[in-house]
Amino acid sequence: MKAIAIVGKKKTGKTTMGLALVKCLAERGLKVGVVKHSHHGFDGAERADTEEYKKVAAAVAAYSPSQSFVSWAQERTVQDLVPLMDVDVIVMEGGNKVGWLPRVIMVREDNDDKEFYPELALKQIPACTRDNPPASEDVEALADLVMDRGFLLPGLNCGECGREFCMDFVADILAGKAGVSGCKAKSGSMTITCNGSELGFNPFVSDILSAGITAMLKQLKGFVPGDIEINIKNGS
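Residues numbered from 1 in each chain as written. Predicted model: local features only at pLDDT ≥ 70, side-chain atom pairs only at ≥ 80, totals over all residues. Heavy atoms only, no water.

Brief notes about empty space enclosed by the protein
Within this structure, the stated rule accounts for one cavity of 30 Å³ or more. Estimates place the volume of the largest cavity at around 100 Å³. As for the largest cavity, its lining consists of 14 residues, and the residues nearest its centre are C158, G159, C161, C166 and C183. Of the residues belonging to the lining of the largest cavity, the class tally is nine nonpolar, two polar and three charged. (1 Å grid on protein atoms, 1.4 Å probe; cavity = no way out; pocket = protein on both sides within 12 Å on 5 of 7 lines; lining within 4 Å. Points joined across faces, edges and corners; volume = space filled by probe spheres on them. Nonpolar A, V, L, I, M, F, W, Y, C, P; charged D, E, K, R; others polar.)

Right under this line is the structure:
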């Protein structure tokens, strides 16, 4: 990977030069990523700079003492994004066709939910606005519901649970016909975590990886049958 930093005092044209360079490299058919640092966060001029970079770069990452973010000029999957987020709870806004987690459907009137897969809903809630926000007790109740029944499946559609799609499995979980532990992509003999988030993978792939790694480890002195734990530090 080629890389360069553009440095200098404030108002010396760093962003102007950076934008010109990124545009030039992109016009050569190269995918260019931008990493921008700020001492003050990303409001005002700094935010405007990152927005300009987003127009010409394939990806933009930014970091400061108060916040950091990554933006790609393309769609990335939920599975790509979640490992980057060191959080306890995921709240997704939108994503109607993402059927790997339960949802809340905001409705204006009866039968306003049909296109939003009501079988995946934990709850339907009357539509609200900034001028007419939800009552605090309703928000508290929803938070309790999320902590009690929220979950996220790998979304592999591997079919090992007996359903063709993960969406069908989610519906069965919410209907009380199955449990999250029934997801074969999360309950196999091999587990892998990335930055604390467990990765799901097809049980067939799990069996192949497990057998291959075990066979290699058997050649090492000190190997004995039993559970194997391998930690790989990737990056700082």
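Quick look at the layout of surface pockets
In this structure, the second largest pocket occupies an estimated 1,400 Å³ of space. I6, V34, V35, K36 and Y53 are the residues nearest the centre of the second largest pocket, which is lined by 39 residues in total. Every element with two or more residues in the lining of the second largest pocket is listed here: α1 (14–27), β1 (33–37), α2 (45–56) and β2 (59–63). Sort the elements by how many residues they give to the lining of the second largest pocket and α1 lands first, with seven residues. A per-class count over the lining of the second largest pocket returns 20 nonpolar, eleven polar and eight charged. (Helix = DSSP H or I, 4+ residues; strand = E, 2+ residues; numbered from the N terminus.)

Describing the confidence of the model for the protein chain
Scored by pLDDT, the protein chain comes out at a mean of 85, with 89% of its residues at no less than 70. Of all the helices and strands in the protein chain, strand β7 (residues 197–199) carries the lowest mean pLDDT, 66, while helix α5 (residues 166–174) carries the highest, 95. (pLDDT = per-residue confidence, 0-100.)

Some points on the sheet that holds strand β3 (residues 68–72)
The mixed open sheet is built from three strands, whose spatial order is β1-β2-β3. The open sheet has two free edges, formed respectively by β1 and β3, since each of these has just one partner strand. The mean angle between the axes of side-by-side strands here comes to 10°, regardless of whether they run parallel or antiparallel. By the bridge criterion, five bridges tie β1 to β2 in an arrangement that is parallel. Bridge pairing in β2 places V34 opposite V60. Sheet strands touched by α2: β1, β2 and β3. Its angle to β1, the strand with the most contacts, is close to 175°. (Pairing = 2+ DSSP bridges. Axes fitted to C-alpha atoms, helices over the stretch in contact; angles between N-to-C directions. Contact = heavy atoms within 4.5 Å.)

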